[in-house]
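# Architecture and fold: a report
For reference, the chains in residue letters:
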Number of protein chains: 2
Amino acid sequence: MNTKIGILGYGNLGRGIECAVRQNKDMELMAVFTRREPKTVSIQTDGVAVCSAADIKNWQGKLDVIILCGGSATDLPVQTAHYAKYFNVVDSFDTHARIPEHFDRVDAAAREGAHTAIISAGWDPGMFSINRLYADAILPEGKDYTFWGRGVSQGHSDAIRRIEGVKNAKQYTIPVEEALEAVRAGKNPELSTRQKHTRECFVVLKEGASAVKVEKEIKTMPNYFADYNTTVHFISEEEFLRDHSEIPHGGCVIRSGVTGWEKEHKNIIEYRLKLDSNPEFTSSVLVACARAAHRLAADGQSGCKTLFDIPPAYLSAKSAQELRAGIL
Amino acid sequence: MNTKIGILGYGNLGRGIECAVRQNKDMELMAVFTRREPKTVSIQTDGVAVCSAADIKNWQGKLDVIILCGGSATDLPVQTAHYAKYFNVVDSFDTHARIPEHFDRVDAAAREGAHTAIISAGWDPGMFSINRLYADAILPEGKDYTFWGRGVSQGHSDAIRRIEGVKNAKQYTIPVEEALEAVRAGKNPELSTRQKHTRECFVVLKEGASAVKVEKEIKTMPNYFADYNTTVHFISEEEFLRDHSEIPHGGCVIRSGVTGWEKEHKNIIEYRLKLDSNPEFTSSVLVACARAAHRLAADGQSGCKTLFDIPPAYLSAKSAQELRAGIL
């Protein structure tokens with residue numbers, strides 16, 4: 001069964017969805033909805049409408065799933081519950097601490113509308129979460145580690161850009177290699193924040209700004225940098241545009257646990273991502289979830305779901321027979 | 001809800017199940033069933049009955065799930081469908097090519113008995129399969145690789161032991177490091193059998209046997225060794241018992257796929273296992289599947305399932321709320 005997709009919001013994530021839909025033959029992009037003036041937004045797919053977000057309700061019955069591409073700070077807490085009343089929806093809500101309340105709100109709305117909503121899809125939350133769950137279920141006596149990077153943290157880059165004298169900036173989160181090695185060796189170390197990750201910043205200064213002052217302000221910034229070993233590089237705008245225009249990311253989830261009557265055997269499970277494009281990979285997960293949302297809705301399974309609730313086969317374009325014969 | 005477990009077959013896998021059940025507070029081992037004389041089988045758990053496999057049907061209503069610990073060659077093709085009529089069952093059937101027919105037979109039997117059967121659980125098939133599925137669903141344009149090892153192949157060790165003049169033997173399957181590196185670097189190489197894995201054999205000879213003859217027989221054995229670079233070490237029985245008594249295994253599943261409008265971004269997904277004990281890890285997966293089988297049965301979802309059909313949360317002892325708050 002083909003899935004007719006709408007995209008709400010056309011930033012990095014929305015553009016990634018457009019690309020991912022194109023890679024899946026059972027998916028069809030029907031419309032992109034924007035809060036900007038539609039005429040000012042040009043998309044890549046020929047013949048697909050760009051519409052005002054205000055008109056989205058006119059599309060009821062014409063879309064199987066809307067993928068919500070707003071931010072977790074202010075957009076999704078409002079949008080997902082709102083649209084779940086009228087459509088099957090998928091979002092990438094990633095404020096971990098607020099997932100339970102977001103879930104409850106979206107669940108109530110989706111049940112009211114008899115629709116299916118999948119929240120917090122992507123890689124963390126998302127694929128990393130699934131792997132934490134499987135590993136915890138298989139090795140109940142063990143210890144979990146999540147490392148992020150090497151990759152761009154949008155939040156930390158934004159924080160640097162808000163400093164006076166900074167023209168542009170990009171921050172890379174980097175796992176500490178010795179910590180990773182100790183975890184992979186099954187040593188189950190206790191690791192402080194500082195021992196797990198370092199932060200590397202590439203900064204373009206405005207004319208006349210003081211590098212010394214900016215560097216100090218970055219390194220002492222509470223929450224963002226103060227608890228980390230941070231390196232700051234000041235570079236030219238040319239170098240910045242040439243070497244730091246991409247949005248790579250990745251990381252790994254590792255569980256180290258014991259088995260055996262005397263707990264004498266160590267077992268290590270690791271899930272690792274190395275992504276040239278964080279938003280495109282996130283989008284690829286969201287599109288697979290849109291397929292699942294469509295199927296769950298067709299089964300009459302309304303309400304809010306996460307990847308924890310979705311049988312893996314629901315994410316795949318392949319039939320159950322093909323999966324058992326070819327992938328199991 | 002607690003799950004009352006029966007074990008059929010008390011070899012390496014059965015003993016692993018016994019250990020894994022002990023690590024899960026919501027699991028209770030009720031009985032071990034054996035085709036041997038029960039008095040000759042001594043198990044580790046105090047107060048648990050060892051019973052004749054012939055009496056298993058008397059346990060209907062007293063067990064939530066039976067975990068079938070026989071082999072895939074001759075035991076499971078008969079046992080799983082047979083017992084699925086009377087009990088919820090879990091098996092580790094691992095003959096990939098015969099999974100579809102095994103599924104159909106077990107599905108018919110389980111539906112007839114209104115029970116739930118989960119087949120082909122473990123790590124390959126099992127956790128590796130799930131990771132192949134997720135990665136294929138997320139990155140539809142890409143290439144899959146599965147590497148096994150470093151670990152003991154029981155089948156290859158058996159094949160060596162059948163050679164005249166061999167007293168004992170163990171064979172380790174080892175991924176070729178350069179192949180792994182090329183795959184992890186996103187180079188999508190075409191790899192022959194020989195380029196993916198090497199085989200390392202540790203052999204104890206019977207008195208008077210010819211090392212030259214045995215080595216030649218191993219290295220030229222069709223299917224098992226002829227297509228691989230194989231190393232043979234002849235060692236003493238003492239060394240064999242000291243260094244080669246464990247059954248470690250592991251490996252990795254890697255998918256390398258592209259995203260972006262022009263497919264300009266590479267993304268690598270890797271799932272990796274490093275297991276001190278292959279049978280105990282397999283058992284740990286089977287026990288988590290027993291929990292899922294019990295829950296699916298309670299939902300009225302009878303028939304045959306694989307890990308592809310099971311929402312991840314069903315494998316976990318934690319509640320949906322705990323999972324969303326703590327692991328998502």
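This is a predicted model, so every value here is computed, not measured.

For chain A, the helix and strand inventory stands at 11 helices and 14 strands. Taken along its principal axes, the extent of the C-alpha atoms in chain A is 65 × 60 × 35 Å. Buried positions account for 57% of the 328 residues belonging to chain A. Long-range pairs, those at least 24 residues apart, make up 69% of the contacts in chain A with a sequence separation of at least 6. Total accessible area on chain A is roughly 13600 Å²; 47% of this is exposed by carbon and sulfur atoms. Taking the average location of the 40 positive side-chain charges in chain A and that of its 42 negative ones, the two points are 1 Å from each other.

What follows deals with the sheet that holds strand E7 (residues 142–148) of chain A. Adjacent strands of a sheet pair through backbone hydrogen bonds, lying either parallel or antiparallel. With antiparallel pairing, 6 strands are arranged side by side in an open sheet as E7(A)-E12(A)-E13(A)-E13(B)-E12(B)-E7(B). The sheet is open, and its two edges are formed by E7 of chain A together with strand E7 (142–148) of chain B, each paired on a single side. Adjacent strand axes in the sheet meet at a mean angle of 10 degrees, parallel and antiparallel pairs treated alike. Bridge count for E7(A) against strand E12 (residues 249–259) of chain A is 7 bridges, and the pairing is antiparallel. Counted as the bridge partner of Lys143(A) is Ser256(A) from E12(A). On the sheet, helix H6 (residues 177–184) of chain A packs against E7, E12 and strand E13 (265–275) of chain A together with strand E13 (265–275) of chain B and is oriented at approximately 35 degrees with respect to E12(A). In the packing of helix H6 (residues 177–184) of chain B onto the sheet, the strands contacted are E13 of chain A together with E7, strand E12 (249–259) and E13 of chain B, and the crossing angle to E12(B) comes to about 35 degrees.

So, about the sheet that holds strand E4 (residues 65–68) of chain B. All names here are of chain B. Taken in spatial order, the 7 strands make up an open sheet running E3-E2-E1-E4-E5-E6-E14, and their pairing is parallel. Looking at the sheet topology across the chains shown, the edges are occupied by strand E3 (49–52) and strand E14 (303–305). Strand direction decides the pairing type here: strand E1 (residues 3–8) and strand E2 (residues 27–34), joined by 6 bridges, are parallel. Looking across to E2, one finds that isoleucine 7 is bridged to valine 32. Against the sheet, helix H2 (residues 76–84) makes contact with E1, E4, strand E5 (89–90) and strand E6 (116–118), and its axis sits at roughly 175 degrees relative to E4, the strand it touches most. On the sheet, helix H10 (residues 278–298) packs against E1, E2, E4, E5, E6 and E14 and is oriented at approximately 155 degrees with respect to E6.

With that settled, the discussion passes to the interface of chain A and chain B. Between chain A and chain B, the contact holds 71 residues from the first and 71 residues from the second. Note on chain A versus chain B: buried area summed over both sides is about 6500 Å², and carbon and sulfur give 59% of it. Between the two partners, chain A and chain B, sit 4 salt bridges. Looking at the side of chain A that touches chain B, the elements that each hand over two or more residues are helix H1 (12–22), helix H3 (99–113), helix H4 (127–138), E12, E13, helix H10 (278–298) and helix H11 (320–326) of chain A. Inspection of the sheet shows E13(A) paired to E13(B) by 9 bridges, in the antiparallel sense. Counted as the bridge partner of Leu275(A) is Asn267(B) from E13(B).

All chains considered together, the criterion is met by 9 aromatic pairs over all chains. Between the aromatic rings of Tyr172(A) and Phe202(A), the centroid separation amounts to 5.7 Å while the plane-to-plane angle is 85 degrees, which identifies the pairing as edge-to-face. Taken together, the positions of Tyr172(A) in strand E9 (residues 166–175) and Phe202(A) in strand E10 (residues 197–205) put the pair 30 residues apart, joining distant regions of the chain. You can call Phe202(A) buried: its relative accessible area is 11%. Summarising the aromatic geometry, the rings of Phe33(B) and Trp59(B) are spaced 5.6 Å apart at their centres and angled 85 degrees between planes, so their arrangement reads as edge-to-face. One end of the pair, Phe33(B), is in strand E2; the other, Trp59(B), is in the loop between E3 and E4, with 26 residues separating them in the sequence. Looking at Trp59(B), the relative accessible area reads 16%, which means it is buried. The structure contains a cluster of three or more aromatic residues connected by ring pairs, namely Trp123(A), Phe128(A) and Tyr271(A). Positioned above the aromatic ring of Tyr10(A) is the side chain of Arg15(A), whose terminal nitrogen or guanidinium carbon lies 5.8 Å from the ring centre.

Residues and elements named next belong to chain A. A large share of strand E1 (residues 3–8) lies buried, amounting to 5 of its 6 residues. Remark: the E1/H1/strand E2 (residues 27–34) crossover connection has right-handed handedness. Direction of pairing for E1 relative to strand E4 (residues 65–68): parallel, over a ladder of 4 bridges. Of the residues in E4, the one forming a bridge with isoleucine 7 is isoleucine 67.

Here we take up the relation of the copies chain A and chain B. Least-squares fitting of chain A to chain B yields an RMSD of 0.1 Å, with the transformation described by 0.0 Å of translation along the axis and a rotation of 180 degrees. Here the symmetry operator amounts to a two-fold rotation axis. The residues that chain A uses at the interface reappear at the interface of chain B in 100% of cases, marking a shared surface.

This brings us to the side chain of Ser284(B). With respect to the helices and strands, Ser284(B) occurs in helix H10. Of the polar contacts made by the side chain of Ser284(B), one reaches the backbone oxygen of Glu280(B); its length is 2.9 Å. Contacts of Ser284(B), omitting those with residues within four sequence positions, involve Ile138(A), Thr259(A) and Ala20(B).

Turning next to the packing of H2(B) against helix H3 (residues 99–113) of chain B. Two numbers describe a pair of packed helices, the interaxial angle and the distance between the axes. All names here are of chain B. Their axes nearest at 7 Å, the elements H2 and H3 cross at an angle of 20 degrees. Between H2 and H3, the crossing angle belongs to the class labelled roughly parallel. As H2 packs across H3, the resulting crossing turns out to be right-handed. Counted together, Leu76, Pro77, Thr80, Ala81 and Ala84 of H2 and His102, Arg105, Val106, Ala109 and Ala110 of H3 form the full contact between these two elements.

Glancing now at the pattern of salt bridges. Summed over the entire model, instances satisfying the criterion amount to 36 salt bridges over all chains. Taking the shortest distance from any N to any O, the salt bridge between Lys318(A) and Asp136(B) comes out at 2.8 Å. Here Asp136(B) lies in helix H4 (residues 127–138) and Lys318(A) lies in the loop between strand E14 (303–305) and H11, a pairing that spans two chains. Asp136(B) sits in the buried class, given a relative accessible area of 12%. Close ionic contact of Arg272(B) with Glu270(B) constitutes a salt bridge, the shortest N to O distance being 3.4 Å. On the basis of relative accessibility, which here comes to 3%, the residue Glu270(B) falls in the buried class.

Rules of the game
Residues numbered from 1 in each chain as written. Chains lettered and ligands numbered in written order. Predicted model: local features only at pLDDT ≥ 70, side-chain atom pairs only at ≥ 80, totals over all residues. Heavy atoms only, no water. Helix = DSSP H or I, 4+ residues; strand = E, 2+ residues; numbered from the N terminus. Buried < 20%, exposed > 50% of the residue type's maximum accessible area, 1.4 Å probe, protein only. Contact = heavy atoms within 4.5 Å. Areas by Shrake-Rupley, 256 points an atom, 1.4 Å probe, with all protein chains shown as cover. Lys, Arg positive; Asp, Glu negative; His and termini not counted. Charge placed at Lys NZ, Arg CZ, Asp CG, Glu CD. Pairing = 2+ DSSP bridges. Axes fitted to C-alpha atoms, helices over the stretch in contact; angles between N-to-C directions. Buried area = accessible area lost by both parts, 1.4 Å probe. Salt bridge = Lys/Arg side-chain N within 4 Å of Asp/Glu carboxyl O. Phe/Tyr/Trp six-rings, centres within 6.5 Å; stacked < 30°, edge-to-face > 60°. Lys NZ or Arg CZ within 6 Å of the ring centre and 35° of its normal. Right-handed = clockwise from strand over helix to strand, strands pointing away. Least-squares fit on C-alpha atoms with pLDDT ≥ 70 in both. Polar contact = N/O pair within 3.5 Å; in protein donor to acceptor, adjacent residues only side chain to side chain. Parallel < 35°, antiparallel > 145°, perpendicular 65-115°, else oblique. Left-handed = near helix turned anticlockwise from the far one by under 90°.

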